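The primary structure of each chain is shown beneath.
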Amino acid sequence: MNISVIGTGYVGLVSGTCFSEMGNRVTCVDIDTKKIENLKNGIIPIYEPGLEDMVLKNYTNKTLSFTTDIIEALKNTNICFIAVGTPMGEDGSADLQYVLEVAKNIGKNMIHHMYVVDKSTVPVGTADKVKSVIQKELNNRNIDLTFDVISNPEFLKEGAAIDDFMKPDRVVIGSDNENAFNVMHELYKPFMASHDRFITMDIKSAEMTKYTANAMLATKISFMNEISNICERIGADVNMVRHGIGSDSRIGYSFIYPGCGYGGSCFPKDVSALVKASKDFGYTPKILDAVEEVNYAQKKVISNKVIKKFGQNLTNKTFAIWGLSFKPETDDMREATSITVINELTKLGAKIKAYDPKARYEAENYYLKNNESIIYEDNKYDTLNDCDAMILLTEWKEFRSPDFDEIAKRLNKKVIFDGRNQYNKSKLGDIGFEYFQIGVQN
């Protein structure tokens, strides 16, 4: 099939690349000229395991191409995916300006029947708006062309997006047209060779499915963090509680790990957008309000522990930060807990030495670029030199089994704050560390 994907961000680039991997001819479109030129030269704008090799292979094989010319892209394709950003607006809603601008350009430039697929995460009712915008442009052109708008939400986990796309748990398609279902089934059939997990529904239900999935996962995280705060106060160990409840098949172990809050491009934005949409329709989602409130507070749990240990005046203190990205296997720092922790400590006078395997560039150039109290290191152990404590914020694999003797030798004091509960408290206590974790009394 010939496919165009508008937007070469995380979702667009992964989707387009994986479609091309199955032999489709894919044209990825973006208005960012520099990004397109970089992609043509093999420079990938995001870190995602396996993505760079797959992009280079399919670009070389000419099944994947990049352009800024939407007219040319639409001329040669009959399936067009909209995969542009829907950033959070000031009121918490999803900002649809980029989605609707793409729809406008499709209406202005399409020359034959098009299947227009919403791949961006969008609120319920967006497909109707896209349809209206396209039809308005066709009317302005006085041209009689047909098109279908389809909802196809993505369920990609950053750090595992290639596997998620190539071996999907499910493919959700929302449409009001049987032909559209058939076309999308044919497109996704190679990805479901062993199990056909193709789920069809109406468009609004498909749009709602994505938000509901992310809201549910965010709820599990905030619920477990709520429990961790209770455990810490009453003397229980949340790690043991997690084992106790996770063994119940109705609950399971996924997303019940206590930590220092969720971040990223999806959960914070999608929960907020669902809350806003609910209130717009006259319903106050009390659970989702609480999910956001708990997560906001959880991001300060580690910095509060540091302040409790070292005091409000941190002028002569330096802390080593291990991990900047919101989760491992990505360079994404959107809504990352590290931003909150570092800013909370440095505003009290602390200095920071930070290391992350992939997110340093994002931190230095975007998310923490105005914070002059940070030194970035190229090695996790070098961050420890002359520091008063180590703070773990992202559970990268290289942090799981460090050399604690080396840590002890380099730190001024044997103090570790663990925002992801990665280490054994008894073991660290035996070698003289003060160890502060989530959901356990210290």
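The structure we're discussing is the one just above.
Residues numbered from 1 in each chain as written. Predicted model: local features only at pLDDT ≥ 70, side-chain atom pairs only at ≥ 80, totals over all residues. Heavy atoms only, no water.

Draft legend 1. Summary view of the overall build of the protein chain. A tally of regular secondary structure across the protein chain gives 17 helices and 14 strands. Against the compact-globule benchmark of 22 Å for 442 residues, the protein chain has a radius of gyration of 24 Å, which places it among compact chains. When the backbone C-alpha atoms are referred to their principal axes, the protein chain occupies close to 75 × 45 × 45 Å. When each of the 442 residues of the protein chain is scored for burial, the buried share is 53%. When the accessible surface of the protein chain is summed, it comes to about 20,200 Å², and 48% of that surface belongs to carbon and sulfur atoms. (Helix = DSSP H or I, 4+ residues; strand = E, 2+ residues; numbered from the N terminus. Rg over C-alpha atoms; globule rule 2.2 N^0.38 Å. Buried < 20%, exposed > 50% of the residue type's maximum accessible area, 1.4 Å probe, protein only. Areas by Shrake-Rupley, 256 points an atom, 1.4 Å probe, with all protein chains shown as cover.)

Draft legend 2. Broad picture of helix α10 (residues 238-246). Turning to α10, its buried residues number three or more, namely V238, N239, R242 and G246. Projected down its long axis, α10 carries its buried residues within an arc of 105 degrees, all on one side. The secondary structure elements touched by the buried residues of α10 are α9 (203-234) and β14 (434-437). You can read the cap of α10 off the contacts: a side-chain oxygen lies 2.8 Å from the backbone nitrogen of N239, and it is on D237. (Arc of directions from axis to C-beta. Contact = heavy atoms within 4.5 Å. Polar contact = N/O pair within 3.5 Å; in protein donor to acceptor, adjacent residues only side chain to side chain.)

Draft legend 3. Summary view of the environment of I150. Among the structural elements, I150 can be located in strand β6 (residues 147-151). Taking the C-alpha atoms as reference, I150 lies 8.8 Å from F181; in sequence the two are 31 residues apart. Sequence-distant contacts of I150, that is, excluding residues within four places in its chain, are made with Y115, V116, V117, D118, I173, G174, S175, A180 and M184.

Draft legend 4. Looking closely at the pairing of strand β5 (residues 114-118). Burial of β5 is extensive: five of the five residues sit out of reach of the surface. Residues M114, V116 and D118 point to one face of β5 and Y115 and V117 to the other, with burial holding for every one of them. Remark: the β5/helix α6 (residues 126-141)/β6 crossover connection has right-handed handedness. (Right-handed = clockwise from strand over helix to strand, strands pointing away.)

Draft legend 5. Seen up close, the state of the cysteines. Following the criterion strictly, the structure yields zero disulfides and no others. C18 provides the cysteine sulfur closest to C28, a residue in no disulfide bond, and the two sulfurs are 11 Å apart. By relative accessible area, which is 0% here, C28 ends up buried. As a non-bridged cysteine, C387 has C260 as the owner of its nearest cysteine sulfur, 18 Å distant. (Disulfide = S-S within 2.5 Å.)

Draft legend 6. The arrangement of the side chain of S222 in detail. As for its placement among the helices and strands, S222 is situated in helix α9. S222 gets classed as buried once you look at its relative accessible area, which sits at 3%. Here V291 takes part through its backbone oxygen, which lies 2.9 Å from a polar atom of the side chain of S222. Among all residues touching S222, those that are not within four sequence positions of it are Y262, V291, V294 and N295.

Draft legend 7. Representation of helix α5 (residues 97-109) in the model. Compared with the 18 Å implied by 1.5 Å per residue over 13 residues, the 18 Å span of α5 between its first and last C-alpha is a close match. Three or more residues of α5 are buried, namely V99, V102, A103, I106, G107 and N109. Buried residues in α5 make contact with β1 (2-6), α4 (70-75), β4 (79-82), β5 and α6. (Expected span 1.5 Å × (residues − 1).)

Draft legend 8. Here's a closer look at the nonpolar core. Residues F19, F81, M184 and Y188 are the most contacted members of the largest nonpolar core, which totals 40 residues. Beyond its immediate stretch of four places on either side in the chain, F19 contacts I3, N24, V26, F81, F165, L187, Y188 and F191. (Core = buried A, V, L, I, M, F, W, Y, C linked by side-chain atoms within 4.5 Å.)

Draft legend 9. Representation of the pairing of strand β7 (residues 171-174) in the model. Alternating positions in β7 separate into two faces, V171 and I173 on one and V172 and G174 on the other, with burial throughout. Pairing geometry for β7 and strand β8 (residues 198-201), over four bridges, is parallel. Counted as the bridge partner of V171 is F198 from β8. (Pairing = 2+ DSSP bridges.)

Draft legend 10. Here's a closer look at the sheet that holds strand β12 (residues 389-392). What the six strands build is an open sheet, ordered β11-β10-β9-β12-β13-β14; its pairing is parallel. Two strands lie at the open edges of the sheet, namely β11 (374-376) and β14, each paired on one side alone. This sheet shows a mean twist of 20 degrees between the axes of neighbouring strands, independent of strand direction. Where β12 and strand β13 (residues 415-418) come together, three bridges link them in parallel fashion. When the bridges of β13 are listed, L392 appears paired with D418. Sheet contacts for helix α13 (residues 301-310): β9 (318-322), β12, β13 and β14; angle to β13, the most-contacted strand, approximately 155 degrees. (Axes fitted to C-alpha atoms, helices over the stretch in contact; angles between N-to-C directions.)

Draft legend 11. Spotlight on the side chain of S120. Looking at the secondary structure, you find S120 in the loop between β5 and α6. By relative accessible area, which is 8% here, S120 ends up buried. From its side chain, S120 meets the backbone oxygen of V84 in a polar contact 2.6 Å long. Beyond its immediate sequence surroundings of up to four residues, S120 is in contact with I82, A83, V84, T86 and V99.

Draft legend 12. Seen up close, the pattern of salt bridges. Across all of its chains, the model carries 25 salt bridges by this definition. For D91, the salt bridge is made with K276, and the minimal N-O distance between the two is 3.5 Å. Placement of the pair is D91 in the loop between β4 and α5 and K276 in helix α11 (residues 267-280), with a sequence separation of 185 residues. Each of D382, E406, K409 and R410 takes part in salt bridges that share partners, so that together they form one network. (Salt bridge = Lys/Arg side-chain N within 4 Å of Asp/Glu carboxyl O.)

Draft legend 13. Highlighting a nonpolar patch on the surface. On the surface, a cluster of nonpolar side chains totalling about 350 Å² of accessible area is made up of Y361, Y366 and Y367. Inspection of the secondary structure assignment puts Y361 in helix α15 (residues 360-367). (Patch = residues over 30% accessible without salt bridge, like charges linked within 9 Å, V, L, I, M, F, W, Y side chains within 5 Å.)

Draft legend 14. Local environment of the packing of aromatic side chains. With the rule as written, the count across this model stands at 20 aromatic pairs. Ring geometry for Y361 versus Y366: centroids 6.1 Å apart, planes at 70 degrees, classification edge-to-face. Owing to a relative accessible area of 48%, Y366 belongs among the partly exposed residues under this scheme. Note on F404 and F433: the rings are 6.2 Å apart at their centroids and 70 degrees apart in plane angle, and the pair reads as edge-to-face. Of this pair, F404 sits in helix α16 (residues 404-410) while F433 sits in the loop between α17 (425-430) and β14, and the two are 29 residues apart along the sequence. Take F404 and F433: they sit in the same class, and that class is buried. These aromatic residues form a ring-pair network of at least three members: F19, F81, F165, Y188 and F191. (Phe/Tyr/Trp six-rings, centres within 6.5 Å; stacked < 30°, edge-to-face > 60°.)

Function cannot be read off these values alone, since they describe shape.
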